[in-house]
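Fold and geometry: a report
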Amino acid sequence: MDSASLSPRVSSFVALGDSFTEGMSDRLPDGTYRGWADVLAARLAARAAVPDDGAEAPAAFRYANLAVRGKLIGQIAAEQVDRAAGMHADLVTLVGGLNDTLRPKCDLGRVFGLLEESVEKLAPHCGRLVLMRSPGRSGPVMERYRPRLDQLCTFIDELAARHGATVVDLLGAPVLGDPRLWADDRLHLTREGHARVAEAVWQGLGLPPESDWRAPLPPPVPAPWARRRIADLRFAREHLVPWVGRRLTGRSSGDGRAPKRPELAPLACEDSP
């Protein structure tokens, strides 16, 4: 399915996935997270609210976000996919598998099988299915896992071709590897990073560009050595050690956490970014 086949109006949107789609680390003043999916939903809602010439007033835009931080593809498949398929939304986004590839032991065959099973359930029950080549922060960690990530992206391309889904290639945009678009935890995008992803999906749907999400940032100003070491120590203390602790004990940051928008419901004005 190419972008031209999208209906001019999207009246319902369901987002599935992990912390990337939940919106970490695009934190709002009340401590909750916004993220690219919320930004995209608000833009689609504004577009849907404008009636076509001579047409009746459109139905209220509805949005659900089932994503929960820390979820592996098996959990996404078990907890989110059937619920999303039952919503019969105009648009569904599915982003998962990256958390699996970052584990020391990863069965890529199992990951691929669960992704295919999920797409087979979702594709017949939504108007448009979007998959993504997930971005990664440039650095040694990214390079260590790049072979797995490349295999995952190749499989996503093949999966989308088989099922008529759209792929948004975030990994292929060098700017989304720029460390300045990543939060202090080095795992999640900043507000600007999420805004660029929202624009990338918007354009992937064939909608008129509003900005150049691939545009590079200005040349960086190197930080002094001491400041970089202090940042590294803070990262290790506040983010790396707790992350390792969860891995060793089999815990997840999403344990016991419910989705922030579990039902396909109207997007109220106060919900918009």
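Everything here concerns the structure above.
Chains are numbered independently. Their residues run from 1 in the order of the written sequence. Since the coordinates come from a predicted model, pLDDT governs what is reported: local features require at least 70, and pairs of side-chain atoms require 80 or more to be given and counted, while whole-chain, interface and lining totals use all residues. Based on all heavy atoms of the structure, the side-chain values leave hydrogens and waters out of the count.

In this description a helix means any DSSP run of H or I spanning at least four residues, a strand means any run of E spanning at least two, and both kinds are numbered starting from the N terminus. Assignment of secondary structure puts threonine 166 in strand 5 (residues 166-169). Looking at threonine 166, the relative accessible area reads 10%, which means it is buried. Only protein chains enter the calculation, and the probe is 1.4 Å; a residue is then buried if its accessible area is under 20% of its type maximum, exposed if over 50%, and partly exposed in between.

Where helix 5 (residues 108-122) meets helix 6 (residues 140-163), the axes come as close as 11 Å, and the angle between the chain directions of the two elements is 25°. Put simply, helix 5 runs roughly parallel to helix 6. Of the two possible hands of crossing, helix 5 and helix 6 adopt the one that is right-handed. Judged by residue contacts, Leu108, Val111, Phe112, Leu115, Glu116, Val119 and Glu120 of helix 5 engage Arg148, Gln151, Leu152, Phe155, Leu159, Arg162 and His163 from helix 6. Only C-alpha atoms enter the line fits that serve as axes; for helices the fit covers just the stretch in contact. Angles between N-to-C directions range over 0 to 180 degrees. Note that the term roughly parallel is reserved for angles under 35 degrees, roughly antiparallel for angles over 145, roughly perpendicular for angles of 65 to 115, and oblique for everything else. With the far helix as reference, a near helix turned anticlockwise by less than a right angle produces a left-handed crossing, and one turned clockwise produces a right-handed crossing. Contact between two residues is taken to exist if any of their heavy atoms lie within 4.5 Å; hydrogens are not considered.

Here, a salt bridge means any side-chain nitrogen of Lys or Arg that lies within 4 Å of a carboxyl oxygen of Asp or Glu. Summed over all chains, the structure comprises 16 salt bridges. A salt bridge links arginine 133 to aspartate 157; the shortest N-O distance between them is 2.7 Å. With arginine 133 in strand 4 (residues 128-133) and aspartate 157 in helix 6, the pair connects residues that are 24 residues apart, well separated along the chain. Note on aspartate 157: relative accessible area 30%, which makes it partly exposed. Residues arginine 146 and aspartate 150 are paired through a salt bridge, measuring 4.0 Å at the closest nitrogen-oxygen approach. With arginine 146 and aspartate 150 both in helix 6 and four residues apart, this pair spans about one turn of that helix. Here the salt bridges do not stand alone but share partners, grouping Asp26, Arg34 and Arg191 into one network.

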